[in-house]
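Remarks on the overall topology
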Amino acid sequence: EKSQHSSIQLEEFLAKTDNAKSGHVHHGKSSVLIVTLNTINTVVGGGILTIPYTVYQSGLVLSILSIFLSMLFGISSIYVLVKCKEITGHYGIGTIGYECFGRKSIFIVYTLTCILCLGLPSSFMIIFSDAATPLVEKMLGVENHMIRYLILAI
């Protein structure tokens, strides 16, 4: 009965969202190719920019240990997410959270998602400005610490 009650609440919540009103409800039907390409883009893009510098700074042994632990955490997270999907029947992290922990979990999940969406581009912009500053200084023939801030602003 509790599961049926929370399913009814979830349906009411989804009915109130803008996506549900406009008829654009996503039911986890992204193609495998699109999901694979997005994952490769994120992993390779971040890896090319950060892993060599991180390995250089922290040493080979600590780097290998950190990468291995990250892999284990990633695998266990995916396992838990798939199990939750099987138990609840929902695809999205927000709806799984709602089903398991109630309405407050939706705000937590989407707040963390917003932080991630703001943090990744910010880190890439900082890395890009660090790499582009010497190039722009050479092109303009000046050495000014303000060029980095100009590149970040653009």
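Owing to the predicted nature of the structure, the values given are computational and were not obtained by experimental measurement. (Residues numbered from 1 in each chain as written. Predicted model: local features only at pLDDT ≥ 70, side-chain atom pairs only at ≥ 80, totals over all residues. Heavy atoms only, no water.)

1. Quick look at the overall build of the protein chain
When helices and strands are tallied, the protein chain shows seven helices and zero strands. Listing each helix as α and each strand as β along the protein chain from the N terminus yields α-α-α-α-α-α-α. Residues classed as buried in the protein chain amount to 14% of the 154 residues present. For the protein chain, long-range pairs separated by at least 24 residues make up 37% of all intrachain contacts whose partners lie at least 6 apart in sequence. When the accessible area of the protein chain is evaluated, it comes to approximately 12400 Å², of which 70% is carbon and sulfur surface. (Helix = DSSP H or I, 4+ residues; strand = E, 2+ residues; numbered from the N terminus. Buried < 20%, exposed > 50% of the residue type's maximum accessible area, 1.4 Å probe, protein only. Contact = heavy atoms within 4.5 Å. Areas by Shrake-Rupley, 256 points an atom, 1.4 Å probe, with all protein chains shown as cover.)

2. Quick notes on helix H5 (residues 93–101)
The complete set of buried residues in H5 reads Gly94, Thr95, Ile96, Gly97, Tyr98 and Glu99. Downstream of H5 by a residue or two, Gly102 has a phi angle that is positive, lying close to 95 degrees.

3. Side note on the packing of helix H4 (residues 60–88) against H5
Here H4 crosses H5 at 65 degrees, and the two axes come no closer than 10 Å. Here H4 runs over H5; the crossing is left-handed. Facing H4, whose interface residues are Leu81, Cys84, Lys85 and Thr88, H5 presents Ile93, Ile96, Glu99 and Cys100. The residue makeup of the contact of H4 with H5, split by class, is five nonpolar, one polar and two charged. (Axes fitted to C-alpha atoms, helices over the stretch in contact; angles between N-to-C directions. Left-handed = near helix turned anticlockwise from the far one by under 90°. Nonpolar A, V, L, I, M, F, W, Y, C, P; charged D, E, K, R; others polar.)

4. Quick look at the pattern of salt bridges
One pass over the full model with this rule turns up one salt bridge. Between Glu86 and Lys83 there is a salt bridge, and its shortest N-O distance comes to 3.6 Å. Placement of the pair is Glu86 and Lys83 together in helix H4, with a separation of three residues, close to one helical turn. Take Glu86: its relative accessible area is 51%, and that puts it in the exposed class. (Salt bridge = Lys/Arg side-chain N within 4 Å of Asp/Glu carboxyl O.)

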